[in-house]
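# Descriptive analysis of the structure
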Amino acid sequence: MDLFSYREGLLHAEDVPVDALARDYGTPLYVYSKGTLDRHCEAFEAALSGIPHLICYAVKANGNLAVLNLMARHGCGFDVVSEGELRRVIAAGGDPSRVVFSGVGKRREELAFALRQGIRCLNAESLPELAAISEVAADLGVVAPVAIRVNPDVDARTHPSISTGLRSNKFGIPIEEALGAYREAARDPHLSVQGIDCHIGSQMVSGAPILEALDRLLILLDGMQRDGIGVGHLDLGGGLGVIYGDEEPPSPQDFYSGIIERLRGRGLSLYIEPGRAMVANAGILLTRVVFKKQNGERRFLVVDAGMNDLVRPALYNSWMDIITARKGTGEGETCDVVGPVCESDDFLGRDRRLDAGEGDLLAVRGAGAYGSSMSSNYNARPLACEVMVDGSRVHVVRARQEFADMWKGESLLPGQSDAR
Ligand code: LLP
């Protein structure tokens, strides 16, 4: 459920017509709905109300400070995968003691920064990482809170690029080796075992794979208990899918009820790391048609947002819904919606039936997750402006990047000014 809808034939973000947003802030423009974000936070909170829990919003999905600040106000913690993401959380007023740190390649400086900030838990993804955490903690004179990210070898049944819980993926420690790793961690005076962690994939439209993973983790947990290794939490990662087209993902309530049922009586807190489901449908990308053109058989709408602004279609061939800001009256024509970037794969959607021409505004839906957070300056295109709408109020939450900011920190070679 989102708060983007047509009123009198014109797409609105909450109470604001999107053509006014495009006029005032330019395009490409990310538009977020605060009301939708609020609803999503409340839905996750309600879904987990039957168990002690911590919702660690996955910053990678959308790390805009205003988004993070809103999540923190709702009482969320965070899942970060780099020092930069942890610094974003802190800059947004988030509390490091409610942050878990995932990722396969944390550098020692990043581990030290996280420990100094009082991180809630480091999710270790390998034995060498556990050793590094121990060394860094010893140097700092602290005991590091850790969980081991277990790779349960479960197929998340999602797009291969966003599937992470198979033995063949780089993530986590294989489940058969996890007990041995926990024994080592439990013996290490610089480590304090806090929990078990797992994340098997993203955009899951069924709860079955995560229940399968959970069953495997519970067998591991029983083994740990026999060895006297107790944990306080189980972190099941993120992964709940959203509707881009015809998917039918479960609600947070339905997704988590089976999990909570299986955990009853075990005295564990449930941590989750949702990203996409919290933000995807709370955002659209507004873009304007620059030209309409035809090459042979194919008709193109060339728009002013490209793969540097929204890379999901080009990178994963993801289908994202594209609609016209003004509800079309005609049948429309089948066309490819392509960006201005000099790459053949620079497209937002192929074979779309759209009643649009030069100067018209289009909106890509579901763009709140992995949209701006994956954007780049390719083709020296400034990062897009981002606004958050709250009822009839509009807040600029990221100003459009200035051209000169793109080459900030770059310099000419010495004597370059005389070079011919
Ligand atoms: N926790 C960990 C350790 C993760 O690796 C991820 C996502 C999440 C949580 C959040 O998962 P979510 O709830 O968003 O499914 N760029 C891709 C998605 C990559 C997901 C990577 N990991 C896309 O645009 O579809």
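Remember, predicted model here, so these are calculated numbers, not experimental data.

### Focus: the overall build of the chain
A count of helical and extended segments in the chain gives 12 helices and 21 strands. Whereas a compact globule of 420 residues would reach a radius of gyration of roughly 22 Å, the chain reaches 23 Å, a difference of no more than 12%. Oriented by its inertia axes, the alpha-carbon framework of the chain measures out at about 70 × 65 × 40 Å. Across the 420 residues in the chain, those meeting the buried criterion constitute 54%. Partitioning the intrachain contacts of the chain with sequence separation of at least 6 by distance along the chain shows that 70% fall at a separation of at least 24.

### Observations regarding the pairing of strand S20 (residues 385–390)
Two faces, one strand: in a regular strand the side chains alternate between the faces of the sheet. Counting buried positions along S20 yields 5 of 6 residues, so the element is predominantly enclosed. For strand S4 (residues 29–33) and S20, the ladder comprises 5 bridges, and the chain directions are parallel. Across the sheet, the residue bridging to Ser 33 is Val 389, located in S20.

### With respect to the site of the ligand
Looking at the ligand, there are 19 residues lining it, with Ser 202, Glu 273, Arg 276, Arg 312 and Tyr 370 nearest. Within the backbone of Gly 275, an N or O atom sits 2.8 Å from an oxygen atom of the ligand. The protein chains hide 92% of the 590 Å² of surface that the ligand would expose on its own. In terms of residue class, the shell around the ligand is made up of 6 nonpolar, 7 polar and 6 charged. Each of domain 1 (4–31 + 280–406) and domain 2 (34–277) gives at least three residues to the shell around the ligand.

### Observations regarding the packing of aromatic side chains
In this structure the tally under the stated criterion is 4 aromatic pairs. The ring of Phe 347 has Arg 350 lying over it, and the distance from NZ or CZ to the ring centre is 3.8 Å.

### Details of unusual backbone geometry
In the segment running from Thr 27 into Pro 28, the intervening peptide bond is cis, with an omega of -5°. Mapped onto the elements, Pro 28 comes out in the loop between helix H1 (18–25) and S4. Even without being a glycine, Gln 203 presents a positive backbone phi close to 55°. Following the sequence through the fold, Gln 203 ends up in the loop between strand S11 (191–197) and helix H8 (208–226).

### Things to note about the domain arrangement of the chain
Each assigned domain of the chain is listed here: domain 1 (4–31 + 280–406) and domain 2 (34–277). Contact with domain 1, which involves 22 residues of that partner, is made by 20 residues of domain 2. The contact between domain 1 and domain 2 buries some 1800 Å² in all, and 53% of this surface belongs to carbon and sulfur atoms. When the buried surface of domain 1 facing domain 2 is broken down by residue, Tyr 316, Tyr 370 and Met 388 rank first, second and third, together holding 31% of it. At the junction of domain 1 with domain 2, the criterion picks out 0 salt bridges. Put simply, domain 1 and domain 2 have 11 residue pairs in polar contact (both at pLDDT 80 or more) between them. Every element with two or more residues in the side of domain 1 that touches domain 2 is listed here: helix H11 (312–316), S20 and strand S21 (393–398). Ranked by residue count, the leading element in the side of domain 1 that touches domain 2 is S20, at 4 residues. Tallied by class, the residues present in the side of domain 1 that touches domain 2 amount to 10 nonpolar, 6 polar and 6 charged.

Calculation criteria
Residues numbered from 1 in each chain as written. Predicted model: local features only at pLDDT ≥ 70, side-chain atom pairs only at ≥ 80, totals over all residues. Heavy atoms only, no water. Helix = DSSP H or I, 4+ residues; strand = E, 2+ residues; numbered from the N terminus. Rg over C-alpha atoms; globule rule 2.2 N^0.38 Å. Buried < 20%, exposed > 50% of the residue type's maximum accessible area, 1.4 Å probe, protein only. Contact = heavy atoms within 4.5 Å. Pairing = 2+ DSSP bridges. Near = heavy atom within 4 Å. Polar contact = N/O pair within 3.5 Å; in protein donor to acceptor, adjacent residues only side chain to side chain. Areas by Shrake-Rupley, 256 points an atom, 1.4 Å probe, with all protein chains shown as cover. Nonpolar A, V, L, I, M, F, W, Y, C, P; charged D, E, K, R; others polar. Domains from an automatic or database assignment. Phe/Tyr/Trp six-rings, centres within 6.5 Å; stacked < 30°, edge-to-face > 60°. Lys NZ or Arg CZ within 6 Å of the ring centre and 35° of its normal. Buried area = accessible area lost by both parts, 1.4 Å probe. Salt bridge = Lys/Arg side-chain N within 4 Å of Asp/Glu carboxyl O.

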